Amino acid sequence: MQKAREPMDTHLLRILQILLTEQSVSKAAIKLGLSQPALSNSLRRLRDITGDPILVRSKNGMVPTERGLELLSHASDALSAIERITEPPGAFEPATSTREFHLGAPDYLDAMFLPNIAEILRREAPRAKFIVHPINADYDYVDGLENGGLDVVIGNWLEPPLQMHMARLFDDEVVCMVGSQNPIANRSLSLKQYLDLPHLAPFPYVSERQSFIDGYLAAQGLQRNIQMTIPYFGQVAGMLLRTDLIFTTGRQFAQHYARYLPITILPSPFPFPPMRFYLLWHRRCHSSPEVVWLRQCIAKVAAMLQASLLTNPPTEPDNIQP
């Protein structure tokens, strides 16, 4: 049976490299700060491990064997690789990066949030790719974060998943949207009226949980009259302009459409807490410079939107009647 050879460690790799570079035991010992007997012992160990003399005597001193020259190349490559492993990651340079970023988000954020993120990325990282994955009940975003399919996820949850890193992005006031042609557009609503009205609602984008709105109503033993359910938030405004439906959502979303379309925003008669949006990511990329930069970009956009809400207070219709 062949005798098992001693494993090669980093210390021996370094000695091998210096011995073959200096081609002298005494010079290598001085450079490494070792005694000559200690280095001679290391050379014997290296010869046993490699099965080659590595250095042999000649009339002008010691010269490496052909295998020794090959080992010098391998040792240098291995030490360089080890240094790269042990060195901290370098600073991320967005201007030259060609990285592909993957963000998961419900299309609720399409109108006012994602375009601002896209603007920053195009300005600061023009060569990078930015892929937005729709988060819905059929997509396992937790698995996407764990297996690397997603870098970050943005959303609002009653209870965010505890196994992920999480940061609060912004809070949004809950309001109601109706088409301005709707008979209730100029009236204030009682809670009973609100619950009885025909509601438009999105499919929950987390399959095992109720939506933010219905979860809070259910906690109070209440249920609204959902008459129509749609898969995409982009369909909301068109539905409201053609029907008598009411839609409950965050103020940022409602104000975006009210700027351009005959949409009326009404205060919610139910005291919902603010819709709280979170940024989630997995510990596998917690320290990645690229993903840290992406999270910082998203946090900047969230701060800008939150500041906009504070500096532009809500404006309800002046002609609301009791």
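See the structure above.
As the structure is a prediction and not an experimental result, all values here were calculated from the model.

Caption draft 1: Spotlight on the pattern of salt bridges. Evaluation of the coordinates by the stated rule reveals 10 salt bridges. Its salt-bridge partner being Arg 99, residue Asp 151 comes within 3.1 Å of it at the nearest N-O pair. Taken together, the positions of Asp 151 in the loop between α6 (141–147) and β5 (152–156) and Arg 99 in the loop between α4 (66–86) and β3 (100–105) put the pair 52 residues apart, joining distant regions of the chain. Lys 192 is the partner of Asp 196 in a salt bridge, and the nearest nitrogen-oxygen pair spans 2.8 Å. With Asp 196 and Lys 192 both in helix α7 (residues 191–196), this residue pair falls four residues apart, about one helical turn. Residue Asp 196 is classed as partly exposed on the basis of its relative accessible area of 47%. We classify Lys 192 as exposed; its relative accessible area is 60%.

Caption draft 2: Focus on the packing of helix α1 (residues 10–22) against helix α2 (residues 25–32). Axis separation between α1 and α2 bottoms out at 8 Å; the angle between their running directions is 130°. Classified by the interaxial angle, the pair formed by α1 and α2 is oblique. Of the two possible hands of crossing, α1 and α2 adopt the one that is right-handed. Contacts from Arg 14, Ile 15, Ile 18, Leu 19 and Glu 22 in α1 reach Val 25, Lys 27, Ala 28, Lys 31 and Leu 32 in α2. Tallied by class, residues from the contact of α1 with α2 come to six nonpolar, no polar and four charged.

Caption draft 3: Spatial organisation of the pairing of β5. When you tally the buried positions in β5, you get five out of five residues, the bulk of the element. Of the two faces of β5, the one lined by Val 152, Ile 154 and Asn 156 and the one lined by Val 153 and Gly 155 are each fully buried. Pairing of β3 with β5 involves two bridges; the strand directions are parallel. Counterpart to Gly 104 in the pairing with β5 is Val 153.

Caption draft 4: Geometry of the sheet that holds β3. With respect to topology, five strands assemble into an open sheet ordered β4-β3-β5-β12-β6, the strand pairing being mixed. At either margin of the open sheet sits one strand with a lone partner, and together these are β4 (129–134) and β6 (165–172). Averaged over all adjacent pairs, the angle separating strand axes in this sheet is 20°, with direction ignored. Across six bridges, β3 lies against β4 in parallel orientation. Paired with Gly 104 across the bridge in β4 is His 133. Relative to the sheet, helix α5 (residues 114–124) contacts β3, β4 and β5, its axis offset from that of β4 by approximately 165°.

What counts, and where the lines are drawn
- Residues numbered from 1 in each chain as written.
- Predicted model: local features only at pLDDT ≥ 70, side-chain atom pairs only at ≥ 80, totals over all residues.
- Heavy atoms only, no water.
- Salt bridge = Lys/Arg side-chain N within 4 Å of Asp/Glu carboxyl O.
- Helix = DSSP H or I, 4+ residues; strand = E, 2+ residues; numbered from the N terminus.
- Buried < 20%, exposed > 50% of the residue type's maximum accessible area, 1.4 Å probe, protein only.
- Axes fitted to C-alpha atoms, helices over the stretch in contact; angles between N-to-C directions.
- Parallel < 35°, antiparallel > 145°, perpendicular 65-115°, else oblique.
- Left-handed = near helix turned anticlockwise from the far one by under 90°.
- Contact = heavy atoms within 4.5 Å.
- Nonpolar A, V, L, I, M, F, W, Y, C, P; charged D, E, K, R; others polar.
- Pairing = 2+ DSSP bridges.

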